[in-house]
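Next come the chains, spelled out residue by residue.
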Amino acid sequence: MTDPTLERWRLLLGEPGGACLGGQSLDAEAAARDAALDWLYGRDEDLRRRGVRQGGTGASVLTTVDWLDDITRLFPKETVERLQRDAVERYEIHDVVTDPDVLARIEPNPALLKAVLRTKHLMNPQVLRLARRIVEQVVRQLTEKLATEVRSAFSGSKVRRRGRLRLARNFDVVRTLRANLGRYQPETGKVVIETPYFFSRTRRHLEQWQVILLVDQSGSMAGSVIHSAVTAACLWGLPGVRTHLVAFDTEVVDLTADVDDPVELLMKVQLGGGTDIARAAAYGAGLVDQPRRAIVVLISDFYEGGDPRRLVRVVRDLVTQGSKVLGLAALDEQANPDYDRDLAQRLADAGAHMGAMTPGELASFVAEHVGR
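The present account deals with the structure reproduced in this document. (Residues numbered from 1 in each chain as written. Predicted model: local features only at pLDDT ≥ 70, side-chain atom pairs only at ≥ 80, totals over all residues. Heavy atoms only, no water.)

A short note on the overall build of the protein
Part 1 of the reasoning: Across its full length, the protein carries 17 helices and 10 strands.
Part 2 of the reasoning: Put simply, the protein has 372 residues, and 48% of those count as buried.
Part 3 of the reasoning: Of the roughly 19,000 Å² of accessible surface on the protein, a fraction of 48% belongs to carbon and sulfur atoms. (Helix = DSSP H or I, 4+ residues; strand = E, 2+ residues; numbered from the N terminus. Buried < 20%, exposed > 50% of the residue type's maximum accessible area, 1.4 Å probe, protein only. Areas by Shrake-Rupley, 256 points an atom, 1.4 Å probe, with all protein chains shown as cover.)

Listed below in structure tokens is the structure:
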């Protein structure tokens, strides 16, 4: 029987790692896994140069549909998602998201959503309808998760002091029992309540604020575009908040009319192209009604293809007039930024808050400032 650890090394290294098994052959299931891995990673020139995987017959035997069926059968879910992500992001195997047979089988996940957004211009109407299923399912999952965080950020907190409104929903059971334990009656097993306590619920008083999201839709920002659309949808309709969503590359597209429908919004996004951040910032500045009640969120990698001096000037003017400017190099669940640090520093010097956030952290930032 093959040692499982040695077998994993053999699968990791491919055919050049055959010595790990001391001349033994892979069993049928392991051989199928090896073929599936080789179909994907055998095309990697860097791995081939390093003598890890040198390619085999997998690519000529398996179609994308066969490969997808095989990995779903042979590997755990986490591994399947990683293989799919590498296929669409690392090796740009477009038929993973443009072949209707593949789309009918595939399990939606965020990596596939990014791939759909990058390749939807290649899709005919039939394929686009199938791809929309991926968009809808992943957006629904992201929205459900973020909506909870947004409600928590904006709902206010309970203050443990005696409240004036003695309502059942505000009854503080723990404090009431603790204060009245001396009146416990052993014969009845009950506590006689002389002094009930209630939570005093404080809710932030929300006056009308504008939240203007300016999102770079260049190819590297796909994750941030997705989470910006979901964040805007969750902020939409909150009391005291008026949300705008603007996408840009070298052109500026105001998507505010579709903010309440993030699926439709994402289907309109066109990833790629150049980047004119200054132009987008100037457009956002033009949307501001009350400067001291505006939060302008600029989401970009800050590799400016336009005029960086103009961008710094627009940001400085916004800050001077009292608006909050937040520059985010990433807005996604990992918040791992890749950005032009020099320009980001210049914007910080102009008064912008610079960083990277998860959507939940952005919601908390907005709630904190709106609630002041």
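From this point, the discussion proceeds with the structure in view.
Some remarks on the sheet that holds strand S5 (residues 209-216)
Part 1 of the reasoning: Here 6 strands make up an open sheet; going across it, the order is S7-S6-S5-S8-S9-S10 and the pairing mixed. In this open sheet, the two edge strands, each paired with only one partner strand, are strand S7 (252-254) and strand S10 (353-357). Between one strand axis and the next, the sheet turns by 25° as a mean value, whatever way the strands run.
Part 2 of the reasoning: With 4 bridges joining them, strand S9 (residues 324-331) and S10 adopt parallel strand pairing. (Pairing = 2+ DSSP bridges. Axes fitted to C-alpha atoms, helices over the stretch in contact; angles between N-to-C directions.)

Some details on unusual backbone geometry
One can expect most non-glycine residues to show negative phi and most peptide bonds to be in trans.
Part 1 of the reasoning: One non-glycine residue, Glu92, lies in the positive phi region at around 50°.
Part 2 of the reasoning: Relative to the assigned elements, Glu92 resides in the loop between helix H6 (77-90) and helix H7 (95-98).
Part 3 of the reasoning: Relative accessible area serves as the criterion here: at 54%, Glu92 is assigned to the exposed category.
Part 4 of the reasoning: A positive phi angle, close to 65°, is found at Phe302, a residue other than glycine.
Part 5 of the reasoning: For Phe302, a relative accessible area of 0% gives the class buried.

Structural notes on the environment of Tyr283
Part 1 of the reasoning: Its location among the elements puts Tyr283 in helix H14 (residues 277-287).
Part 2 of the reasoning: For the pair Tyr283 and Val253, spaced 30 residues apart in sequence, the C-alpha separation works out to 9.8 Å.
Part 3 of the reasoning: Filtering out sequence-adjacent residues up to four positions away, Tyr283 remains in contact with Val246, Val252 and Asp254.
Part 4 of the reasoning: Of note is the side chain of Tyr283, whose polar atom sits 2.8 Å from the side chain of Asp254. (Contact = heavy atoms within 4.5 Å. Polar contact = N/O pair within 3.5 Å; in protein donor to acceptor, adjacent residues only side chain to side chain.)

Examining the pattern of salt bridges
Part 1 of the reasoning: Counted under the stated rule, the structure contains 9 salt bridges.
Part 2 of the reasoning: Here Glu264 and Arg132 are joined by a salt bridge, their closest N and O atoms 3.1 Å apart. Within this pair, whereas Glu264 is found in helix H13 (residues 262-268), its partner Arg132 is found in helix H10 (residues 125-154), the two being separated by 132 residues in sequence.
Part 3 of the reasoning: Overall, Glu264 belongs to the partly exposed group, its relative accessible area being 26%.
Part 4 of the reasoning: Taking the shortest distance from any N to any O, the salt bridge between Arg242 and Asp289 comes out at 2.5 Å. Of this pair, Arg242 sits in strand S6 (residues 241-248) while Asp289 sits in the loop between H14 and strand S8 (294-299), and the two are 47 residues apart along the sequence.
Part 5 of the reasoning: Its relative accessible area of 33% is what places Arg242 among the partly exposed residues.
Part 6 of the reasoning: Taking relative accessible area as the criterion, Asp289 reaches 51% and is therefore assigned exposed.
Part 7 of the reasoning: A single salt-bridge network, built from bridges that share partners, covers Arg132, Glu136 and Glu264. (Salt bridge = Lys/Arg side-chain N within 4 Å of Asp/Glu carboxyl O.)

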